[in-house]
Amino acid sequence: MEIINTIWSQFGSIMASIMFVYTIYERFFPPSLRIYLRKHTQIITNLFYPYIQITFPEFTGEKLHRSDAYASIQTYLSENSSKTAKRLKAEVVKDSQTPLVLSMDDNEEITDEFNGVKVWWYSHHTTPRTQSFSFYPASDEKRFLTVTFHRRHRDLITGTYIKHVLDEGKAISTRNRQLKLYTNNPSENWYGYKRSKWSHIVFEHPARFETLAMDPKKKEEIVKDLVKFKKGKEYYEKIGKAWKRGYLLYGPPGTGKSTMIAAMANFMNYDIYDLELTAVKENTELRKLLIETSGKSIIVIEDIDCSLDLTGQRKKKKEEKDAEEKEKDPVKKAKSEEEKGSKVTLSGLLNFIDGIWSACGGERIIIFTTNFVDKLDPALIRRGRMDKHIELSYCGFEAFRVLARNYLDVENHGLFGRIGKLLEEVNMTPADVAENLMPKSVDEDSDTCLGNLVESLDKAKEEAEKMKKKTEEEEVKKKAEEEEQEAKLKAEKEKEKEKEKEVNSSNGESGGGVKENGHLH
Ligand SMILES: Nc1ncnc2c1ncn2[C@@H]1O[C@H](COP(=O)(O)OP(=O)(O)OP(=O)(O)O)[C@@H](O)[C@H]1O
Ligand SMILES: [Mg+2]
């Protein structure tokens, strides 16, 4: 007991001495001298402290972009840290092979070994010492990952190890990758505690190219194009072009444009950024959204013709016509006021697609969809911007065969010949064909479903013929009316001419009278 008391009293006096010396140092040493002293202490410490540190911040470039290196290292460490670190952060990932993803918590250190060399990773964060009170303390927080190693291994660590960590991290995230479907938030939610420009959910669309109904040759061409793009990193570098590609999908509603985008995402293993243009207020916002997208992604703008009025001159005529309607209809009026909030212009969108900023990140596909390709401004869809134009059209026989295989497991059937012939005569979308092929009850088998399709096609053919007849009749009627009108006009003109002649002749007679009269006078 006595020994403990002695230790405590000695410890107390040592602490008091340290505090005394520190106070003297703080009080009597001017700041310039302190900096000088600190610098030299650092030099002396470096002589005896043989370790080097490299720090990786979470955000680079004025907090614009989350560092890919940080993300890769974090993934790499997550795989290793769960075995060695004592304090871990847990994240539950739905439907993943490893539902619980563990990663290093703040201020936690883990050790890694590479070729027999030991390194220490440390995760930490800084909170700025601001005097002002903030509701959102976390928004200015900066996170870092730091690696420490002996200076004798400098070349190995900076040359090989860091590359190994980054590659391995990337490979792990591709392996465990869950595709995400993003949508842009309105700009009011971009700042503050819950700041984020994009919200996402897990992307779980089952569409694949095998289940997509379209002409097999066209499909193969698209798949080859995508494969070439995916493997094209060096090629794009060689030709000096940003690693991105634009697709324009056009065709009537229900022909599989959205389904094709989902199939592309699954095939390429890319995330989808579904950009809602009407929620973007101006061009600068569009640029910020673009910067926040990651590589290996598809940026989609659906129904581009409806999203914004990007059609230049047509705008004026349309505006004049619509203005009156909007005044009358309160719903339309409210909608137009909402649309006025968006000032994204055609040039802003063109810059978004192939401006200098669009090259940031690389490995991106941009897709526009539209029902009316003729409505779009040619500048928007010229090659180079929308490199490949893909038409998705009404269901042909080959497309029907894919649907029959998908929906009914039928490769061949007696009705196929008739269906093929009908599909040549009638325009029916794959969506309608698919709806007919889908059994509506447990009693319906493939025969019934194919029968239903034939019935629908017959009906559609009948209706199409009726429509054709009706339009023909209307045209004949219109022509007859026009002819009648013309005849009427002609008759009226004749009549007028007659009248003129009569007036002239009577004027001639009476004019002679005046002369005569004049002569008489
Ligand atoms: N080519 C196709 N292959 C397979 N299924 C298709 C195809 N086209 C349409 N479908 C079916 O029809 C439904 C509607 O198709 P989708 O939404 O892809 O059409 P869309 O062309 O995007 O139409 P919209 O122009 O109205 O957006 C899909 O859920 C899908 O089941
Ligand atoms: Mg669609």
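See the structure shown above.
Because the structure is predicted, anything quoted here is derived from the model rather than measured.

Undergrad: If you had to explain the overall build of the chain to someone new, which residues and values would you point to?
TA: Helix and strand counts for the chain stand at 17 helices and 15 strands. The buried share among the 521 residues of the chain stands at 31%. Contacts in the chain between residues far apart in sequence, at least 24 positions, make up 69% of those at least 6 positions apart. Carbon and sulfur atoms make up 54% of the accessible area of the chain, which totals about 34600 Å².

Undergrad: Talk me through the site of ligand 1; I want residue IDs and the actual numbers.
TA: The immediate surroundings of ligand 1 are formed by 15 residues, with Ala213, Gly254, Lys257, Ser258 and Thr259 found nearest. The separation between an oxygen atom of ligand 1 and a polar main-chain atom of glycine 256 is 3.1 Å. The contact in question runs from an oxygen atom of ligand 1 to an N or O atom on the side chain of lysine 257, over 2.7 Å. Those elements that place two or more of their residues in the shell around ligand 1 are helix 7 (257-268), helix 14 (397-408) and helix 16 (430-437). A total of three residues in the shell around ligand 1 trace back to one element, the largest contributor, which is helix 7.

Undergrad: Break down the packing of helix 5 (residues 216-230) against helix 7 for me, citing the residues and quoting the values.
TA: Contact pair helix 5 / helix 7: the axes reach a minimum separation of 11 Å and the direction vectors enclose 45°. Between helix 5 and helix 7, the angle is such that the two are oblique. Both helix 5 and helix 7 take part in a crossing whose hand is right-handed. Contacts from Ile222, Val223, Leu226, Val227, Phe229 and Lys230 of helix 5 reach helix 7 at Met260, Met264, Phe267 and Met268. A class-by-class count of the residues in the contact of helix 5 with helix 7 yields nine nonpolar, no polar and one charged.

Undergrad: Pulling in residues and values, what's your account of the pattern of salt bridges?
TA: Applying the stated criterion across every chain, the model contains 11 salt bridges. Here lysine 163 ties to aspartate 167 by a salt bridge, and the two come within 2.9 Å at their closest N and O atoms. One end of the pair, lysine 163, and the other, aspartate 167, are both in helix 4 (residues 154-175), four residues apart, so they sit about a helical turn from each other. Residue glutamate 411 pairs with arginine 405 through a salt bridge whose shortest N-O separation is 3.1 Å. Judged by relative accessible area, which is 45%, glutamate 411 ranks as partly exposed.

Undergrad: Could you give me a rundown of the sheet that holds strand 10 (residues 198-202), with the residues and numbers involved?
TA: The seven strands are arranged 10-9-12-13-14-11-15 in an open sheet whose pairing can be described as mixed. At either margin of the open sheet sits one strand with a lone partner, and together these are strand 10 and strand 15 (388-391). If you compare each strand with its neighbour and ignore which way they point, the axes differ by 20° on average. Strand contacts of helix 7: strand 11 (244-250), strand 12 (271-274), strand 13 (297-301), strand 14 (364-370) and strand 15, with the helix running at about 170° to strand 14, the strand carrying the most contacts.

Undergrad: So what's going on with a negative patch on the surface? Residues and values would help.
TA: A cluster of acidic residues, Glu481, Glu482, Glu483, Glu484 and Glu486, forms a negative patch on the protein surface. Inspection of the secondary structure assignment puts glutamate 486 in helix 17 (residues 446-520). Owing to a relative accessible area of 57%, glutamate 486 belongs among the exposed residues under this scheme.

Cut-offs used in this document
- Residues numbered from 1 in each chain as written.
- Chains lettered and ligands numbered in written order.
- Predicted model: local features only at pLDDT ≥ 70, side-chain atom pairs only at ≥ 80, totals over all residues.
- Heavy atoms only, no water.
- Helix = DSSP H or I, 4+ residues; strand = E, 2+ residues; numbered from the N terminus.
- Buried < 20%, exposed > 50% of the residue type's maximum accessible area, 1.4 Å probe, protein only.
- Contact = heavy atoms within 4.5 Å.
- Areas by Shrake-Rupley, 256 points an atom, 1.4 Å probe, with all protein chains shown as cover.
- Near = heavy atom within 4 Å.
- Polar contact = N/O pair within 3.5 Å; in protein donor to acceptor, adjacent residues only side chain to side chain.
- Axes fitted to C-alpha atoms, helices over the stretch in contact; angles between N-to-C directions.
- Parallel < 35°, antiparallel > 145°, perpendicular 65-115°, else oblique.
- Left-handed = near helix turned anticlockwise from the far one by under 90°.
- Nonpolar A, V, L, I, M, F, W, Y, C, P; charged D, E, K, R; others polar.
- Salt bridge = Lys/Arg side-chain N within 4 Å of Asp/Glu carboxyl O.
- Pairing = 2+ DSSP bridges.
- Patch = residues over 30% accessible without salt bridge, like charges linked within 9 Å, V, L, I, M, F, W, Y side chains within 5 Å.
- Lys, Arg positive; Asp, Glu negative; His and termini not counted.
- Charge placed at Lys NZ, Arg CZ, Asp CG, Glu CD.

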